[in-house]
Amino acid sequence: MTARERFLAAISNAVPDRVPVTPDISNYIPCKLTGLPFWEIYFKETVPLWQAYLAAADHFGLEAWIGSCTNPPLLYGPARFEQTSHCVFQKDRDAMLKRTVTTTPDGTLSEELTCFRHDPPSPTEKPIKNLARDFPAFKWQLREPIGIDLPIWHAMRDACLERDQAFGVCVSYPGFQHWSWSVHRGVELLAYAEMDTPELLEEWREIDHAIGVKTMELLIAARPDYILFGGSGTITLASPTLARKYAIPSIKVWSRMAKEAGIPTMLHSCGKSRALVQMLVEETDVTSVNPLEEPPMGDIDLAEVKAACGGRIGLMGNLHTTEVMLHGTPARVREKAIAAMRAAGQGGGFVLSSGDQCGYATPDENLFAMVEAGHEYGVYDMATGRLATPA
């Protein structure tokens, strides 16, 4: 099998020739390998992140998961707001600040991103300071797309096809985990809004849902290999009850659309996720879920979730990002990789990966150790779906 065929088989809950190996290196590692300050990638796009990611996948010999760092290049109609941005370098902090001012018929919003040399941008000022006051202005930016920027789309897809890698893009879904990026004080303010102005959150959910439906229609017509639903911290930043209220209705509709089109779907939600996995299995058509983090970052036991849900959804995970990938030795990585494959790899439907986001200082030799373990011990007996037994 090619890397593309192997990855797609696993996320479709089928049996590939061997376990795909795809540690989550979607930001820090690709940017580090370029040798550039991170603001050159995130603010200036000297090298687009997706190109840096594919180069990193080549370097380590991974089955690529490009959807982890690739938003669809969507096109929109004429805007009824004006937006200006400027960047300022702060030498004393070795950081680049990007400040954006958005002027709308319902008011002006300001926001700021701070990008240190070796870190992706973080919001240091968010546009919504008061939800009731600022949401009317913010809504002007929530627009349904009208098309896809095909030159960019083809460049990304062709770069994947040239490598025999799967091509996917990410769509964010409604909920606290998504909205907190735009709201000052994040989850705290959203929790107050849930009690005081729930109608505003429901309106936001409806808008995001409609945008997502249109986005899915465009993506399905353009035929990526898979679609990733992005929702880091869906339960960690809210609760199972709030996830069911705000996230699951959209995931249910969007995953059904993809299933009817024959396109597999993945869902990414770091942190606690066991209750979310159960919802995905019982209420949606999502075909694979990651990163299935173990305690204390998450609440997943791979063997348990494989036994309970493995016949109905593909699994991707879950070597501990810090204890194993960052601070462990190659021998420790190899040991944990073999254990993960034994826990969740039998019968297929498994991608060997890390927990969320391997950090900047993750040793290269640990990433190579994961790849080598997968190649050596992740080979399937195609007649039985069983893995080789380690010596």
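Criteria and thresholds
Residues numbered from 1 in each chain as written. Predicted model: local features only at pLDDT ≥ 70, side-chain atom pairs only at ≥ 80, totals over all residues. Heavy atoms only, no water. Helix = DSSP H or I, 4+ residues; strand = E, 2+ residues; numbered from the N terminus. Rg over C-alpha atoms; globule rule 2.2 N^0.38 Å. Buried < 20%, exposed > 50% of the residue type's maximum accessible area, 1.4 Å probe, protein only. Contact = heavy atoms within 4.5 Å. Areas by Shrake-Rupley, 256 points an atom, 1.4 Å probe, with all protein chains shown as cover. Lys, Arg positive; Asp, Glu negative; His and termini not counted. Charge placed at Lys NZ, Arg CZ, Asp CG, Glu CD. Pairing = 2+ DSSP bridges. Axes fitted to C-alpha atoms, helices over the stretch in contact; angles between N-to-C directions. Phe/Tyr/Trp six-rings, centres within 6.5 Å; stacked < 30°, edge-to-face > 60°.

**A short note on the overall build of the protein chain**
Then, number 1: Helix and strand content of the protein chain: 15 helices and 14 strands.
Then, number 2: Computed over C-alpha atoms, the radius of gyration of the protein chain comes to 21 Å, within 12% of the 21 Å expected from 2.2 N^0.38 for 391 residues, which places it in the range of a compact globule.
Then, number 3: Judged by the C-alpha coordinates and their principal axes, the protein chain covers about 65 × 45 × 40 Å.
Then, number 4: The burial tally for the protein chain puts 55% of its 391 residues in the buried class.
Then, number 5: A sequence separation of at least 24 residues applies to 71% of the contacts in the protein chain between residues at least 6 apart.
Then, number 6: When the accessible surface of the protein chain is split by element, carbon and sulfur atoms take 53% of a total near 15,800 Å².
Then, number 7: Of the charged side chains in the protein chain, 36 are positive and 48 negative, and the gap between their average positions amounts to 1 Å.

**Considerations on the sheet that holds strand β11 (residues 314-319)**
Then, number 1: One open sheet holds the six strands; their spatial order is β7-β8-β9-β10-β11-β12, and the pairing between them is parallel. Strands with a single pairing partner mark the edges of an open sheet, and in this sheet they are β7 (168-172) and β12 (350-354). Here the average twist between neighbouring strands, direction ignored, is 25°.

**Observations regarding the environment of P121**
Then, number 1: One can find P121 in the loop between β4 (107-116) and β5 (122-125).
Then, number 2: Considered as a pair, P121 and K98 are 23 residues apart in the sequence and their alpha carbons are 9.0 Å apart.
Then, number 3: Not counting residues up to four positions away in its chain, the partners in contact with P121 are Y42, F43, L113, T114 and C115.

**Structural notes on unusual backbone geometry**
Glycine aside, the phi torsion of most residues is negative, and most peptide linkages are trans.
Then, number 1: That bond from P295 to P296 is cis: its omega, 5°, falls within 30 degrees of zero.
Then, number 2: By the element assignment, P296 lies in the loop between β10 (288-290) and α12 (302-309).
Then, number 3: The step from G317 to N318 runs through a cis peptide bond, and the omega angle for that step is -10°.
Then, number 4: Even without being a glycine, E45 presents a positive backbone phi close to 55°.
Then, number 5: You can see E45 is positioned in the loop between α3 (38-42) and α4 (49-60).

**Description of the packing of aromatic side chains**
Then, number 1: All chains considered together, the criterion is met by 14 aromatic pairs.
Then, number 2: Between F38 and Y42, the ring centres sit 6.3 Å apart and the planes meet at 40°, which makes this aromatic pair tilted. With F38 and Y42 both in helix α3 and four residues apart, this pair spans about one turn of that helix.
Then, number 3: Seen in terms of ring centroids, F38 and Y360 are 6.0 Å apart; in terms of plane orientation they differ by 50°. Their pairing is tilted. Of this pair, F38 sits in helix α3 while Y360 sits in the loop between β12 and α15 (364-377); the two residues are 322 residues apart in sequence, bridging distant segments of the chain.

Fair warning: the whole summary comes from geometry, so function is off the table for now.
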